[in-house]
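Residue strings, one per chain:
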Amino acid sequence: MSREKIVVLDFGSQYAHLIAKRFRMLGYYSEIALPSTSLEVFENCKGIVFSGGPSSVYDEKVPEFNSEILNLDIPILGLCYGHYIVQLGYNGKVGKADVGEFGFATLNLNPAVESPLFKGIEPTQQVWMSHQDGVLQIGEGFEVVGSTKDCPYAATQNLAKKRFSLQCHCEVKDTPCGNQIFQNFADYCGMSKNWDQDTVLQIILDNIKKEAEGKNVLLFLSGGVDSTITFALLNKALGQERVLGLHIDNGFMRKNESANVADAYHKFGFNNFIVEDASESFLKAISGLTDPQKKRMAVGENFITVRNEVVAKQNLDESQWMLAQGTLYPDIIESGGTKNSNTIKTHHNRVQGIQDLIAKGLIIEPVKDLYKDEVRAIGHKLGLPAELVMRHPFPGPGLSINVLCNDGKSWSEKDEEELTAAKKELNEIELNMFCENCTANLKRTVLPVRSVGVQGDFRTYRFPAVLDFGAAKEKEWPLGAAAAEKGIRHFPGKREKIEAASSTITNAAKYMNRTIIKLYQKPGVKDEDLVLQEGYCDRRRLDQLREVDNIVLTELHKSGWYDQIFQHLTIDLPYATSADRATFVLRPVCSEDVMTARFAMLPKELLGTIVQKIAELPFVDALYFDATNKPPATFGWE
């Protein structure tokens, strides 16, 4: 007899797989299917969830949908794009919303309507939104369960048809009541608990043995959490004699990173790995490149080149060796790896060379269906130390994707027009959340660099808004009154006000997807002195970035804050007084699964120490703090 299940229809959302993951974590087996799937898929199905997606329902090309699914006598829950599909299925209307919502919103439940979906949930709830469209008229037989300030039909139901639809993403951690909504839906469906972590681990180990039957496995071992736990899984399933870890020093590592990684592995008893210094090869591969996608692809393809060289050097019989990667599901989603998804950024583990090997059945990816928190849970189950399991994520391309590049020629008339438009719209946005003094000193501008973002499941490439609150206050930082003399700026102390300003800007802006706050500007340097410089990802800039990044990580470790945030990225911008100097952005984030995130509000004393030490570096012209959540911004800038 087949297992009872909840089926999630993937319309291409960044979060589709996260829905299935949430149900599994609650103890309910869940599967992903295409919205065009045949009705046979729903045998023994107790409930169906329609995911969000990057399309508008009125686009010419939308995901193919088997409308017969709506005729099934199975409860259905639609989320975001799925919310629209449910409403359209019952003659509702959908169109462009008057105001898009990206990030936090407040859902107010209708006191006149009782909903089994919101059983035990308080009438006012924080929810996570990412949409530009909206329901303009609800479907026949539906009633309004809840609304937000800008979304009158944020939650609806038709109990006669067993249909529910929500505008929000209750699958993300930033909708705190999301798990309870899913639990209530499972209860409503009459679903029995039938899934746990022991089952997941055993399935992964069984799959490894099956996929690698008769072959050995060579693993790209970056030293990050994903590849480390993949390494441990391979060793457990196959034994160390059939597994070889390959750690490549690609020149993009953090300060002393490769040596630290090797020490950590040896301490735990991993001896079946080698370290290859291929830094010159990688630096050459990306030399002169400025386009982020091309850089990522060049790095990914060069991994294959180096892998082939190592295979030859080690005299390995290629017919007997598969290649393994620590790919996670978010990598696949952001690379446009599911049928209806939109490419946000091309991950190095999804370049053409890798795709070709996948097509030939020569790639094994044991954790490709999991998210970061699930992988960490597996690591704990395997007995790995926190030193390995709880390290901050560090992707294969390393620091190369934190160095923004510019060839000094590509800035166009259109770029200038859009930058001017961005400055105009920023100055027109009302920011009334700060105190009178902060508001009076506030200067707004826009940096002439673009970064990647994700809004409504689409990739955006837009400018960052800059907020400058003037000179530091006398007792604000550890340096006291001397902080202002050294160029350190005032930083508002209340997270809710910064977050409100950031969301207000990015929700209203057409040309901006980030909000950053100026922390420091070198004394004597005027705003007009900072200009876009020609700059590439070379050893000099990487070494500068390593120094700044090392200051941040050292202070995070010393203060105990390293374990309290998910990740910190230091971004190097080619925006300075001269080509041999730079400005940097601090990007600390809190997240559970990478799909959504909030910027981390570091304590003032810790942030002050970091700023002070970075300001002492001779090549730093300015320093900023990225106060943007995901969405609308991604973790990194490329």
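Predicted, not measured: the structure shown is a model, and the values here were computed from it.

Caption draft 1: Representation of the overall build of the protein within the structure. What the protein contains, in helices and strands, is 18 helices and 24 strands. At 25 Å, the protein has a C-alpha radius of gyration in line with the 26 Å of a compact globule built from 638 residues. The dimensions of the protein, computed from C-alpha atoms along their principal axes, are 70 × 70 × 45 Å. Counting over 638 residues, the protein shows a buried share of 62%. Within the protein, contacts between residues at least 6 apart in sequence are counted, and of these 78% link residues at least 24 apart.

Caption draft 2: Expanded view of unusual backbone geometry. Following K630, the chain continues into P631 via a peptide bond in cis, with omega recorded as -15 degrees. With respect to the helices, strands and loops of the structure, P631 is situated in the segment after β24 (620-626). Residue P632 is bonded to the preceding P631 through a cis peptide linkage, with omega at 15 degrees. Summarising the element assignment, P632 is placed in the segment after β24. Its identity as a non-glycine residue notwithstanding, N44 has a phi of 65 degrees, on the positive side. Relative to the helices and strands, N44 resides in the loop between β2 (30-33) and β3 (45-50).

Caption draft 3: Highlighting the pairing of strand β7 (residues 143-147). In this structure, strand β5 (residues 93-109) lies alongside β7, joined through two bridges in antiparallel fashion. When the bridges of β7 are listed, L109 appears paired with G146. Bridging between β7 and strand β8 (residues 155-158) involves three bridges; their strand directions are antiparallel. When the sheet's bridge partners are listed, E143 is paired in β8 with Q157.

Caption draft 4: How the structure looks around the environment of I378. In this structure, I378 sits in helix α11 (residues 372-381). Residue I378 is classed as buried on the basis of its relative accessible area of 1%. Separated by 178 residues in sequence, I378 and V200 place their C-alpha atoms 8.6 Å apart.

Caption draft 5: Structural context of the environment of I69. Within the secondary structure, I69 sits in the loop between β3 and β4 (76-79). Each C-alpha atom, one on I69 and one on S38, is 8.4 Å from the other, the two residues being 31 residues apart in sequence. Ignoring sequence-local partners within four residues, the contact set of I69 consists of L9, P35, T37, L39, F42, I48, F50, I76 and R163.

Caption draft 6: View of the packing of aromatic side chains. What the rule picks out here adds up to 25 aromatic pairs. Taking 6.1 Å as the distance between ring centres and 55 degrees as the angle between the ring planes, the aromatic pair formed by F231 and Y265 counts as tilted. With F231 in helix α5 (residues 225-238) and Y265 in helix α6 (residues 257-268), this residue pair connects regions lying 34 residues apart in the sequence. For the pair F231 and Y265, a shared accessibility class is recorded, and that class is buried. Their ring planes at 80 degrees and their centres at 6.1 Å tell us that F252 and F282 sit as a pair that is edge-to-face. One end of the pair, F252, is in the loop between β11 (243-249) and α6; the other, F282, is in helix α7 (residues 279-285), with 30 residues separating them in the sequence. Assessed through its relative accessible area of 0%, F282 is described here as buried.

Caption draft 7: Examining the packing of helix α4 (residues 197-211) against α11 more closely. As a packed pair, α4 and α11 sit with axes 11 Å apart at the nearest point and diverge in direction by 85 degrees. The orientation of α4 relative to α11 falls into the category roughly perpendicular. Mapping the contact onto sequence places Q197, D198, V200, L201 and I204 in α4 and A377, I378 and K381 in α11. Class assignment for the residues of the contact of α4 with α11 results in five nonpolar, one polar and two charged.

Caption draft 8: Representation of the pattern of salt bridges. Under the defined criterion, the tally for this structure stands at 30 salt bridges. Notably, a salt bridge pairs E257 with R391, separated by 2.3 Å at the nearest N-O pair. Here the residue E257 occupies a position in helix α6, and R391 occupies one in the loop between α12 (386-389) and α13 (413-428), the gap between them amounting to 134 residues. Measuring nitrogen to oxygen at the nearest pair gives 2.9 Å for the salt bridge that ties K613 to E555. Residue K613 is located in helix α18 (residues 604-615), and its partner E555 is located in helix α17 (residues 539-559); the two are separated by 58 residues in the primary sequence. For K613, a relative accessible area of 34% translates into the label partly exposed. Here the salt bridges do not stand alone but share partners, grouping K443, D468, R489, K518 and D527 into one network.

Caption draft 9: Spotlight on the sheet that holds strand β13 (residues 321-324). Strands sit in the order β12-β11-β10-β13-β14 across an open sheet of five strands; the sheet is parallel. Whereas interior strands pair on both sides, the edge strands pair on one side only; in this sheet they are β12 (273-277) and β14 (363-364). Where strand β10 (residues 216-220) and β11 come together, four bridges link them in parallel fashion. Counterpart to V217 in the pairing with β11 is V243.

Caption draft 10: Quick peek at helix α2 (residues 81-88). Counting buried residues in α2 gives seven out of eight residues, a clear majority hidden from the surface. Along α2, the positions that sit buried rather than exposed are Y81, G82, H83, Y84, I85, V86 and Q87. Looking at the packing, one finds that the buried side of α2 touches β3, β4, β5, β6 (124-137), β8 and β9 (163-166).

Caption draft 11: Summary view of the confidence of the model for the protein. For the protein, the average pLDDT comes to 91, and 94% of its residues sit at 70 or higher. With pLDDT under 50 throughout, residues 333-338 is counted as low confidence; its partners more than four residues away or in other chains account for 24 contacts. Ignoring residues within four places in sequence, the model shows residues 340-350, a span with pLDDT below 50, making 67 contacts including any to other chains.

Caption draft 12: Region of the structure containing the nonpolar core. Formed by 83 residues in total, the largest nonpolar core has its most connected members in F491, M512, L556, L607 and I614. Among all residues touching F491, those that are not within four sequence positions of it are E476, W477, I498, I517, L519, M601, K604, L607 and F625. Grouped together as the second largest cluster of nonpolar side chains are 38 residues, I204, L205, A324 and V389 included.

Caption draft 13: A look at α17. In this model α17 runs 30 Å from its N-terminal to its C-terminal C-alpha over 21 residues, within 8% of the 30 Å that 1.5 Å per residue would give. If you check which residues of α17 are buried, you get R541, L542, Q544, L545, R546, V548, D549, I551, V552, L553, E555 and L556. Each element contacted by the buried residues of α17 is listed here: α7, β20 (567-573), β22 (582-590), α18 and β24. G560, located one to two residues past α17, shows a positive phi value of around 85 degrees.

Here is what the cut-offs are and how they apply
- Residues numbered from 1 in each chain as written.
- Predicted model: local features only at pLDDT ≥ 70, side-chain atom pairs only at ≥ 80, totals over all residues.
- Heavy atoms only, no water.
- Helix = DSSP H or I, 4+ residues; strand = E, 2+ residues; numbered from the N terminus.
- Rg over C-alpha atoms; globule rule 2.2 N^0.38 Å.
- Buried < 20%, exposed > 50% of the residue type's maximum accessible area, 1.4 Å probe, protein only.
- Contact = heavy atoms within 4.5 Å.
- Pairing = 2+ DSSP bridges.
- Phe/Tyr/Trp six-rings, centres within 6.5 Å; stacked < 30°, edge-to-face > 60°.
- Axes fitted to C-alpha atoms, helices over the stretch in contact; angles between N-to-C directions.
- Parallel < 35°, antiparallel > 145°, perpendicular 65-115°, else oblique.
- Nonpolar A, V, L, I, M, F, W, Y, C, P; charged D, E, K, R; others polar.
- Salt bridge = Lys/Arg side-chain N within 4 Å of Asp/Glu carboxyl O.
- pLDDT = per-residue confidence, 0-100.
- Core = buried A, V, L, I, M, F, W, Y, C linked by side-chain atoms within 4.5 Å.
- Expected span 1.5 Å × (residues − 1).

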